[in-house]
Amino acid sequence: MTGDPELITRCLELCAHAEAHEGEARSAALSALRDTLEALRRSTQEPDRSPREHGAYARILAQLREPIITMDLAGYVTGWNRSAERLLGYTPEEAIGQHILFLYAEDEEASDVPELFLEQGSSYMEVRRRKKSGEVFWAGLSLSLIRDDDGEPVGIAGHLSEITDRISAEEMLRLHTRIIEDSDQCIMITDAQDRIVSVNAAFSRVTGYNREEALGMTPDLLRSGVHDEGFRGMVHAAMHGAGPWQGEIIGRRKDGSLFPQSVSIGTVRNDKGEVTHAFSIFTDISADKEAAEQFDRLVNYDNLTGLPNRRLLNQLLTQAISSSVRRKGNGGLIVIDLNRFTSINEGLGPHAGDELLRQVAQRLRRVLRDADVLARTGADEFVALVEVEKREHCGVVADKLLTTLHPPFSIETHEIYVTACAGIAVFPEDASSAATLLQVADVTMKRCRQLGESGYLFYSPEMNHRAKEHLKLENDLRKALGNGSAAPPQLSLYYQPKVSLRTGRIVGAEALLRWTHPEQGPISPARFVPLAEETGLILELGAWVLEDACRQIRAWRAQGLSPPPIAVNLSARQFDRELPARISEVLERHGVSSEELKLELTESLLMGGAENVIPVMNELVAMGFSLALDDFGTGFSSLSYLRRYPISTLKIDRSFVEGIPREADDCAIARAIVTMGQQLHQEIVAEGVETVEQMNFLRELGCDQLQGYLFSPPVTAAEFSDFVQGDRRLTLDD
Ligand code: C2E
Ligand code: MG
Ligand code: MG
């Protein structure tokens, strides 16, 4: 490419001047730039590069690489760009206002602005200059006059380049072009219509599009689809003059692959201040990203076990604390420290020690849920961060973590037994900052260690008490289940009759579990059933209930009684694919048929996912069972939802019955449930009916059956058989 070197230099200088000034001075420079560009266009022999490109090139050089200094005619610095700062070491604040002499090397004389220069308007020379660091260097200096509107000289633009050899002005021009062409930064210039008018070699190398493919297209050529409207709007605005913009954009290469780019966007304006061109200078930073990920791995994770380290734990803990405050939920921090790890490590060597830590990490991790965090925070110290519904559940988790370490570890040829101590802090109660919480849990772990070999301790005494209670109840329940013949049975079933609202006769009964604790006396199922569900004991408990109900049915039959169907409550946890097989085994063993039993399910089961639940339900129905939905109205069931399940009975929850007939809302809900049930041809049972008013209201609504203290509380098997034998009836007054 050729072009009048003087004009090019002048363009550069005018760009720099426009950049360095505002208002009129800027307009003057821009107007002069337009004329110069026009002149340049005429002098340019290569037709495929528009003069605008030269202008844009000039801007890019001024911004990126070429140091530009402007001064007034007396030699005082008026403008100083970033490249000048980079080359010479002085900031604009330090340089502007100083006489240009401050850059001269000692051995040079200052000179007045030469006549010839004033006449010709530009010159090129080689000079020695001194940097702020004191280093003296050879510079190629292109000087151009800055003139005002009347053509009067008002200042000088100096364009410095560090040189080792003499470079002619022509060579300089070629150099400028080469700098852009050969730059390892990708450069793309667009016009006001967003059409690409120029790209360099790096652009083609990185994006895969050559010059011909790119020219005339819009920057959407590189659009990845990753960024949202708002982000793209911001980039677009920058390309249309909203101001320089720097950031990261994900682009798409010609081969479809995505790559992160670090981008600077700037614009070139005409004399009216309108944006005529925009340039994007970008680099492919995918390699940096990989490096960043590797850096992240190194900084945030433990090398040996791959678990998060203390640093990452701190961050996650801070997030967990604030989210628990938002959700009004609880979380726990469990610090686990292995006992005697040092002696194991010393005895077997560091290799074995490392292997043990890896295996410990694996076992601990497996106990936790996916959402829980397990970190390694010290040689033999691990920390679990868990979200819990109730604070005492942290004790259950700690217990699981400690128990999973019980089986021996096989390391090389050894069998190693490991025990540990755990300290628990719960948040937000115990502390509300990550650092304090960790400290508190740590102190608690150490206190636990002083107390004995292994186990866990909560930080707060109240929590320790609660956790102990919880644990004791669980153990006692376990004993109650397992205590066989020797001790008096603690578990029993009571039966609460259901009566027909048409005939007043007993048409069924619900079997309800009773636990008589040896010390505490009767404990409500409302208290121990949720505990059993948490710990999984509900499976054994449920099996016992089913067994005992069947045994009772057979016993009644043996007495010559024909009992109505007996309903048994099933927990959601019992509801798996093996349930039908388990039930039918018990039924067969006792010679009981499926018509003699009913199964009560809760709405929470339906929330567990229809695809797992419906096949099991269908199987049960096919076996002859009828299914009832308990506590209806307290969950989320809707009419359309309900239709998908083979349920034949709805039990209106006691909480709605309670408000009848006073509370309008409760009445409305009861009415809606009855209407809904009738449409689905379901039988409706009202639970917890205590008064005649309630009964009458429900009867009028069209409710089929009633269960409640009005007729009878849950009673023993013997009492229930008396009811049936005596044909005890509900009085319906009409
Ligand atoms: P549920 O299945 O809704 O049982 C009805 C509860 O309402 C029973 O409480 C019963 O005694 C009580 N109730 C009945 N009529 C009235 C009344 O007129 N007024 C009042 N205030 N209450 C009445 P219970 O026996 O304490 O059982 C509570 C819950 O424990 C049961 O609610 C059930 O969800 C669960 N449960 C009981 N036994 C078992 C069982 O064997 N297995 C399972 N999975 N859960 C059971
Ligand atoms: Mg029930
Ligand atoms: Mg109920």
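No experiment lies behind these values; they were computed from the predicted model shown.

A.B. asks: Explain the coordination of the magnesium ion (ligand 2) to me, and be specific about the residues and the numbers.
C.D. replies: Taken together, the protein ligands of the magnesium ion (ligand 2) are Glu 510 (OE), Asn 569 (OD1), Glu 600 (OE) and Asp 630 (OD), with distances of 2.1 to 2.2 Å. In the primary structure, the donors to the magnesium ion (ligand 2) are separated according to the pattern E-x58-N-x30-E-x29-D.

A.B. asks: Quick rundown of the nonpolar core? Include the residues and the values.
C.D. replies: Of all hydrophobic cores here, the largest spans 82 residues; its most connected members are Phe 575 and Met 617. Take this core: its biggest share by element is eight residues, from helix α19 (residues 538–558). In contact with Phe 575, not counting residues within four places along its chain, are Leu 570, Leu 601, Leu 605, Val 613, Val 616, Met 617 and Leu 620.

A.B. asks: I'd like a rundown of the coordination of the magnesium ion (ligand 3), residues and numbers included.
C.D. replies: Within the first shell, the magnesium ion (ligand 3) binds the protein through Asp 630 (OD), Asp 631 (OD), Glu 687 (OE) and Glu 687 (OE), at distances of 2.0 to 2.5 Å. Considered as a linear motif, the donors of the magnesium ion (ligand 3) on their single chain read D-D-x55-E. Here the magnesium ion (ligand 2) and the magnesium ion (ligand 3) are spaced 4.1 Å from one another, each receiving a donor from Asp 630. Remark: Glu 687 occurs in strand β25 (residues 683–687) and Asp 630 occurs in strand β23 (residues 626–632); sequence separation between them is 57 residues. When sorted by exposure, Asp 630 lands in the same class as Glu 687, which is buried.

A.B. asks: So what's going on with the state of the cysteines? Which residues, and what values?
C.D. replies: The tally for this structure, following the rule as stated, stands at zero disulfides. Sulfur of Cys 421: no disulfide; nearest cysteine sulfur belongs to Cys 448 and is 4.1 Å away.

A.B. asks: Tell me about the packing of helix α20 (residues 579–590) against helix α22 (residues 610–622), residues and numbers included.
C.D. replies: Relative orientation of the contacting elements α20 and α22 amounts to 25°, with a least axis distance of 9 Å. Comparing the axis directions of α20 and α22 gives the class roughly parallel. Listed contacts from α22 to Leu 579, Pro 580 and Ile 583 of α20 are Val 616, Glu 619 and Leu 620. Classifying every residue of the contact of α20 with α22 by side-chain character gives five nonpolar, no polar and one charged.

A.B. asks: Mind laying out the sheet that holds strand β9 (residues 258–269), listing which residues take part and the relevant values?
C.D. replies: If you walk across this open sheet you meet the five strands as β7-β6-β10-β9-β8, and the pairing is antiparallel. Every interior strand has two partners, whereas the edge strands, β7 (196–199) and β8 (245–252), have only one. Each strand of the sheet is rotated relative to its neighbour by a mean of 30°, with strand direction disregarded. Relative to strand β10 (residues 275–284), strand β6 (residues 186–191) runs antiparallel, the two being bridged by six bridges. In the strand pairing of β10, Ile 187 is matched with Ile 281. Across the sheet, helix α10 (residues 229–239) lies against β6, β8, β9 and β10, angled at about 120° from β8, the strand it touches most.

A.B. asks: Tell me what's going on with the sheet that holds strand β12 (residues 373–378), and back it up with residues and numbers.
C.D. replies: Here five strands make up an open sheet; going across it, the order is β12-β13-β11-β16-β17 and the pairing mixed. In the strand order of this sheet, the two ends are held by β12 and β17 (455–458), each with one partner. Mean inter-strand twist for the sheet, computed between neighbouring axes without regard to direction, equals 25°. Judged from the eight bridges that link them, strand β11 (residues 330–338) and strand β16 (residues 420–427) form a sheet pairing that is antiparallel. In the strand pairing of β16, Leu 338 is matched with Ala 420. Strands in contact with helix α12 (residues 310–327) are β11, β12, β13 (381–388) and β16; relative to β13, the strand with the most contacts, it is inclined by about 20°.

A.B. asks: Can you lay out helix α18 (residues 525–535) for me, pointing to particular residues and giving the numbers?
C.D. replies: Turning to α18, its buried residues are Phe 528, Leu 531 and Ala 532. All buried residues of α18 project into a common sector of 100° when viewed along the axis, lining one side. Where α18 is buried, its residues meet α17 (461–482), β19 (506–517), β20 (521–523) and α19. For α18, the capping residue at the N-terminal end is Ser 524, with a side-chain oxygen 2.9 Å from the backbone nitrogen of Ala 526. Looking one or two places after α18, you find Gly 536, whose phi comes out positive at around 90°.

A.B. asks: Requested: an account of the packing of aromatic side chains, with residues and values cited.
C.D. replies: For the structure shown, the criterion picks out eleven aromatic pairs. Taken together, a centroid distance of 4.9 Å and an interplanar angle of 70° make the contact between Tyr 90 and Phe 102 edge-to-face. Taken together, the residues span a long stretch of sequence, with Tyr 90 in the loop between α4 (82–88) and α5 (92–95) and Phe 102 in the loop between α5 and α6 (115–120) at a distance of twelve residues. For the pair formed by Tyr 90 and Phe 102, the shared burial category is buried. Ring plane angle 65° and centroid distance 6.3 Å describe the contact between Phe 711 and Phe 723, whose orientation is recorded as edge-to-face. Of this pair, Phe 711 sits in the loop between β26 (705–707) and α27 (717–725) while Phe 723 sits in helix α27, placing them twelve residues apart in sequence.

A.B. asks: Any details on the packing of α19 against α20? Residues and values, ideally.
C.D. replies: Two elements in contact, α19 and α20, have axes separated by 9 Å at closest approach and are oriented at 25°. It follows that α19 is roughly parallel to α20 by the angle criterion. The crossing of α19 and α20 is right-handed. Across the interface between the two elements, Leu 546, Glu 547, Cys 550, Arg 551 and Arg 554 from α19 touch Ile 583, Val 586, Leu 587, Arg 589 and His 590 from α20.

A.B. asks: Pulling in residues and values, what's your account of the site of ligand 1?
C.D. replies: Near ligand 1 lie 20 residues; those nearest to it are Arg 514, Asp 630, Arg 654, Glu 690 and Tyr 709. At 3.1 Å from an oxygen atom of ligand 1 is found a side-chain nitrogen or oxygen belonging to Asn 569. Arg 654 is positioned such that a nitrogen or oxygen atom in its side chain is 2.6 Å from an oxygen atom of ligand 1. Relative to its unbound accessible surface of 790 Å², ligand 1 loses 84% to contact with the protein. Put simply, the parts of the chain that give the shell around ligand 1 at least two residues each are β19, α18 and β23. In terms of residues, the shell around ligand 1 owes the most to one element, β19, which gives four residues.

A.B. asks: I'd love a proper account of the confidence of the model for the protein chain, names of residues and values included.
C.D. replies: Across the protein chain, pLDDT averages 85, with 89% of residues at or above 70. Counted against residues more than four places away or in other chains, residues 45–62, with its pLDDT under 50, gives 50 contacts.

A.B. asks: Describe the pairing of β12, listing the residues and the values that go with them.
C.D. replies: The buried fraction of β12 amounts to five of the six residues, a majority that puts the element mostly inside the structure. Direction of pairing for β12 relative to β13: antiparallel, over a ladder of five bridges. Each residue of the ladder has a partner; that of Arg 376, found in β13, is Phe 382. Hairpin connection from β12 to β13: two residues lie between these consecutive antiparallel strands.

A.B. asks: Hey, could you go over the side chain of Ser 500 for me, with residue numbers and the actual values?
C.D. replies: Here Ser 500 lies in strand β18 (residues 491–500). Take Ser 500: its relative accessible area is 7%, and that puts it in the buried class. Not counting residues up to four positions away in its chain, the partners in contact with Ser 500 are Arg 505, Val 507, Asp 704, Gln 705 and Leu 732.

Parameters and conventions
Residues numbered from 1 in each chain as written. Chains lettered and ligands numbered in written order. Predicted model: local features only at pLDDT ≥ 70, side-chain atom pairs only at ≥ 80, totals over all residues. Heavy atoms only, no water. Donors = N, O, S within 2.8 Å, 3.2 Å for Na, K, Ca; no water. Core = buried A, V, L, I, M, F, W, Y, C linked by side-chain atoms within 4.5 Å. Buried < 20%, exposed > 50% of the residue type's maximum accessible area, 1.4 Å probe, protein only. Helix = DSSP H or I, 4+ residues; strand = E, 2+ residues; numbered from the N terminus. Contact = heavy atoms within 4.5 Å. Disulfide = S-S within 2.5 Å. Axes fitted to C-alpha atoms, helices over the stretch in contact; angles between N-to-C directions. Parallel < 35°, antiparallel > 145°, perpendicular 65-115°, else oblique. Nonpolar A, V, L, I, M, F, W, Y, C, P; charged D, E, K, R; others polar. Pairing = 2+ DSSP bridges. Arc of directions from axis to C-beta. Polar contact = N/O pair within 3.5 Å; in protein donor to acceptor, adjacent residues only side chain to side chain. Phe/Tyr/Trp six-rings, centres within 6.5 Å; stacked < 30°, edge-to-face > 60°. Left-handed = near helix turned anticlockwise from the far one by under 90°. Near = heavy atom within 4 Å. Areas by Shrake-Rupley, 256 points an atom, 1.4 Å probe, with all protein chains shown as cover. pLDDT = per-residue confidence, 0-100.

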